[in-house]
Amino acid sequence: MDSPPPQSFALVITGAPYSSQAPQTALNFAEAAIRAGHKVNQVFLYGDGVHLASNFASPPSDESDWPALWRVFIESHQIPATCCVASALRRGLLDETESRRYEKTGANVTAPYAIAGLGEWLESTLNSSRTLYFNPDH
Amino acid sequence: MTDRRFLFVIDTAPYGHWKGREILDMAFSAAAFDQPAALLFTHAGVNWLRSGQLPDAVQQKSVSKNLSAAMLFGLEAIYVCQESLDHFGIGKPDPGLELVVLASTSDLEARFTDVVRL
Amino acid sequence: MPQLHLLNKVADHPRFTQCLNQTHAGDSIALTESGVLALPTGIDWPEGVVIYALSADLEARGLGPLELPPFVHVIGYEQLVDLTLSTDKVVCW
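Description of the structure in this document. (Residues numbered from 1 in each chain as written. Chains lettered and ligands numbered in written order. Predicted model: local features only at pLDDT ≥ 70, side-chain atom pairs only at ≥ 80, totals over all residues. Heavy atoms only, no water.)

1. Some words on the sheet that holds strand S5 (residues 130–134) of chain A
Residue and element names in this part refer to chain A.
1) Next: Taking strand neighbours across the sheet as the criterion, the five strands line up as S4-S3-S2-S1-S5 in an open arrangement whose pairing is parallel. The open sheet has two free edges, formed respectively by strand S4 (113–116) and S5, since each of these has just one partner strand. Pairwise comparison of adjacent strand axes, ignoring direction, gives a mean angle of 25° for this sheet.
2) Next: Two strands pair when backbone bridges link them, and strand S1 (residues 8–13) and strand S2 (residues 39–45) are joined in this way by six bridges, in the parallel orientation. (Pairing = 2+ DSSP bridges. Helix = DSSP H or I, 4+ residues; strand = E, 2+ residues; numbered from the N terminus. Axes fitted to C-alpha atoms, helices over the stretch in contact; angles between N-to-C directions.)

2. Re the pairing of strand S2 (residues 28–31) of chain C
One face of the sheet, then the other: side chains in a regular strand alternate in exactly this way.
All names here are of chain C.
1) Next: Here S2 shows no split at all, with Ser28 and Ala30 on one side and Ile29 and Leu31 on the other all buried.
2) Next: Pairing between strand S1 (residues 3–7) and S2: four bridges, direction parallel. If you follow leucine 6 over to S2, its bridge partner there is alanine 30.
3) Next: A crossover links S1 with its parallel partner S2, the connecting element being helix H1 (residues 14–21), and its sense is right-handed. (Buried < 20%, exposed > 50% of the residue type's maximum accessible area, 1.4 Å probe, protein only. Right-handed = clockwise from strand over helix to strand, strands pointing away.)

3. Observations concerning the interface of chain A and chain B
1) Next: Opposite the 18 residues of chain A that make contact, chain B presents 17 residues.
2) Next: Summed over both sides, the interface of chain A with chain B buries roughly 1400 Å², with 64% coming from carbon and sulfur.
3) Next: Counting the contacts that link chain A with chain B gives one salt bridge.
4) Next: A salt bridge links arginine 91 of chain A to glutamate 22 of chain B, with the shortest nitrogen-to-oxygen separation between them at 3.0 Å.
5) Next: On the surface where chain A and chain B come into contact, there are four residue pairs in polar contact (both at pLDDT 80 or more). (Contact = heavy atoms within 4.5 Å. Buried area = accessible area lost by both parts, 1.4 Å probe. Salt bridge = Lys/Arg side-chain N within 4 Å of Asp/Glu carboxyl O. Polar contact = N/O pair within 3.5 Å; in protein donor to acceptor, adjacent residues only side chain to side chain.)

4. Observations concerning unusual backbone geometry
Residues and elements named next belong to chain A.
1) Next: Across the junction of alanine 111 and proline 112, the peptide omega takes the value 10°, indicating a cis bond.
2) Next: Non-glycine residue glutamine 78 carries a positive phi angle of around 50°.
3) Next: Structurally, the position occupied by glutamine 78 is in the loop between helix H2 (66–76) and strand S3 (81–84).
4) Next: Accessibility expressed as a relative area gives 70% for glutamine 78, which makes it exposed.

5. Thoughts on the packing of helix H1 (residues 22–35) of chain A against helix H3 (residues 77–86) of chain C
1) Next: Two elements in contact, H1 of chain A and H3 of chain C, have axes whose closest approach is 8 Å; the angle formed by their N-to-C orientations is 80°. As summarised for this structure, H1 of chain A and H3 of chain C are arranged roughly perpendicular, according to the angle between their axes. Within the contact between the two elements, H1 of chain A uses Thr25, Asn28, Phe29, Ala32, Ala33 and Arg35 of chain A and H3 of chain C uses Tyr77, Glu78, Leu80, Val81 and Thr84 of chain C.
2) Next: Looking at the contact of H1 of chain A with H3 of chain C, its residues break down into six nonpolar, three polar and two charged. (Parallel < 35°, antiparallel > 145°, perpendicular 65-115°, else oblique. Nonpolar A, V, L, I, M, F, W, Y, C, P; charged D, E, K, R; others polar.)

6. Structural notes on the interface of chain A and chain C
1) Next: The interface of chain A with chain C comprises 19 residues on the first partner and 20 residues on the second.
2) Next: Carbon and sulfur atoms supply 56% of the area that chain A and chain C bury against each other, a total of about 1700 Å² over both sides.
3) Next: Viewed at the interface, chain C and chain A are joined by one salt bridge.
4) Next: Linking chain A with chain C are 11 residue pairs in polar contact (both at pLDDT 80 or more).
5) Next: At the level of elements, H1 and S5 of chain A are the ones that each hand at least two residues to the side of chain A that touches chain C.
6) Next: When grouped by side-chain class, the residues that make up the side of chain A that touches chain C number eight nonpolar, eight polar and three charged.

This is the structure in structure tokens:
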């Protein structure tokens, strides 16, 4: 049987880890998409979803570390990953640049995540076969 | 790829959480990049449109100014579900807003390629 | 135009009813996360709609074959990926 032609996805995650299942469902979906030969053009963290980008998340050792699992996945497949700037700054998610700009003492967002605007969401949406929104279930 | 048309659905009440504001930002962003985009207020979301809101009382910013600028931002239309207005007892929504009140929203979504909820 | 609805809300969430109201014959609904909990409740699904449910979410919540109505198609993430590509439009609830 012929396999279907490869397609591309933009994945928007709006549910935070440890308060929703959204990051896990999105990760399982993204892994399956890549196994099937498709491409993930962009992972865009929006609203509470930006918490997934925090390097400071320190879950108990017997629980899944969703931020770490996502980072490994994004790095190993070199997927552009964006943390929405407006959502991030309000919630205390800062990279080095923003941390200096707002004179804060730490930065919890590093590569592979970039802090950028909604333009990244729109551009990847327009360039992908499908955009999926992984919202919290509450 | 066919031309895209975006419908942003606000179905959550104002002030209790930020979903409505964040979907509004997406709608303005899509419109700013010249994408055909419209808003739909339905279910508890119609409470965004009530007249006389004074969000200073809960130390939040009003969104009605943003909404009244929606057309300037290039949004095609702000649709509202009549049934939801009735349900929440909103006889006359904010007269400062240019609204398209729909008796039924069931056919609306079919006219858009991308229907976005948060 | 057939649509796929990705529905992750419990049956008493307002979005669950909204989703059913926006679903037309020929559409599909894929239940994920807490959405699968609607299956044993015996609710009326819209006519002419194919219902899928994600096996990992069923398993996690203790829903075995005996709890499921016979018309449900149990799928994995691979099939969910295929489903999102086999319809022109995906609506995420």
